[in-house]
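Architecture and fold: a report
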Amino acid sequence: MKEITPEKNLALQMLKAFLTGGVICIIGQVILNYCQSLGMEKDIAGSWCSLLLILLSVLLTGFSVYQVIAAWGGAGALVPITGFANSVAAPAIEYKAEGQVYGIGVKIFSIAGPVILYGVFTSGVLGFFYWIGKLLGWV
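Residues numbered from 1 in each chain as written. Predicted model: local features only at pLDDT ≥ 70, side-chain atom pairs only at ≥ 80, totals over all residues. Heavy atoms only, no water.

**Digging into the overall build of the chain**
- Helix and strand counts for the chain come out as six helices and zero strands.
- The secondary structure elements of the chain, listed N-terminal to C-terminal, are α-α-α-α-α-α.
- Each principal axis of the C-alpha atoms in the chain carries an extent, and together these give about 60 × 45 × 45 Å.
- Expressed as a percentage of the 139 residues in the chain, the buried residues total 22%.
- The contacts in the chain between residues at least 6 apart in sequence include a share of 52% that link residues at least 24 apart.
- Carbon together with sulfur atoms contributes 73% to the accessible area of the chain, which is approximately 10,200 Å² in total.
- Taken together, the 7 basic and 6 acidic charged side chains of the chain have centroids lying 4 Å from each other. (Helix = DSSP H or I, 4+ residues; strand = E, 2+ residues; numbered from the N terminus. Buried < 20%, exposed > 50% of the residue type's maximum accessible area, 1.4 Å probe, protein only. Contact = heavy atoms within 4.5 Å. Areas by Shrake-Rupley, 256 points an atom, 1.4 Å probe, with all protein chains shown as cover. Lys, Arg positive; Asp, Glu negative; His and termini not counted. Charge placed at Lys NZ, Arg CZ, Asp CG, Glu CD.)

**Comments concerning the layout of surface pockets**
- In this model, the largest pocket occupies a volume close to 150 Å³.
- Going through the elements one at a time, helix H1 (10–37), helix H2 (42–62) and helix H3 (66–73) are the ones with two or more residues in the lining of the largest pocket.
- For the lining of the largest pocket, the residue count by class is eight nonpolar, three polar and no charged. (1 Å grid on protein atoms, 1.4 Å probe; cavity = no way out; pocket = protein on both sides within 12 Å on 5 of 7 lines; lining within 4 Å. Points joined across faces, edges and corners; volume = space filled by probe spheres on them. Nonpolar A, V, L, I, M, F, W, Y, C, P; charged D, E, K, R; others polar.)

**Let's talk about the nonpolar core**
- One finds Ile31, Leu32, Cys35, Ala45, Cys49 and Leu53 forming the largest nonpolar core, which totals six residues.
- Of all the elements in the fold, those that place two or more residues in this core are H1 and H2.
- Once you skip the residues sitting within four places of it in the chain, Ile31 turns out to touch Cys49, Leu52 and Leu53. (Core = buried A, V, L, I, M, F, W, Y, C linked by side-chain atoms within 4.5 Å.)

**A word on the packing of helix H4 (residues 80–94) against helix H6 (residues 112–136)**
- Contact geometry for H4 and H6: axes closest at 9 Å, N-to-C directions at 130 degrees. Considered as vectors, H4 and H6 are oriented oblique to each other. Residues Phe84, Ser87 and Val88 of H4 form the contact with H6, whose participating residues are Ala112, Val115 and Ile116.
- Looking at the contact of H4 with H6, its residues break down into five nonpolar, one polar and no charged. (Axes fitted to C-alpha atoms, helices over the stretch in contact; angles between N-to-C directions. Parallel < 35°, antiparallel > 145°, perpendicular 65-115°, else oblique.)

**Looking at the environment of Ala85**
- Among the structural elements, Ala85 can be located in helix H4.
- Along the chain, Ala85 and Thr61 lie 24 residues apart, while their C-alpha atoms are 8.8 Å from each other.
- With near-sequence residues (within four places) excluded, Ala85 lies in contact with Ile54, Ser57 and Val58.

Shown next as C-alpha cells:
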C-alpha cells in the first residue's frame, strides 16, 4: 500500500489551501468594498457579493476551471459559498445529457443534498437545545 500511494507534502497542501481560500476571500472582499463604494448599504453589498461569488463559481465550473483550482488548492477551494455552488453546478452539468428530470433534476443535489440535510437537522437540534436552555434560564 505504501509503495502505491504517493507521498504528499502536508505543509505544501496546507499552504496551497490557505492561498486558494485566501484569494477567494480577497475577491469577495474586493466585491464587497466596491459595492459599498457605490453607496450600497452593508447588507445589500453583502448580498451582491454572495450573488457574484456564486455566479463566478458556477461559470468557472461550467468552463471546467473550478476543477483545476480545486485540484491545486484542495480544501481551500471549498470556501463555503463558492464550494457549495460548485457542488450543485458540477453534477447538473455532468448529468445534463440524461435529461431535465432524470439527469439534472435527480443528480443536482447529489453532493450538496447531504450538506443541506445535515445542516438543517443540526440547526433544528441546536435550536431545540437553545429553547430548552431559555426555558431553564441557562441562556
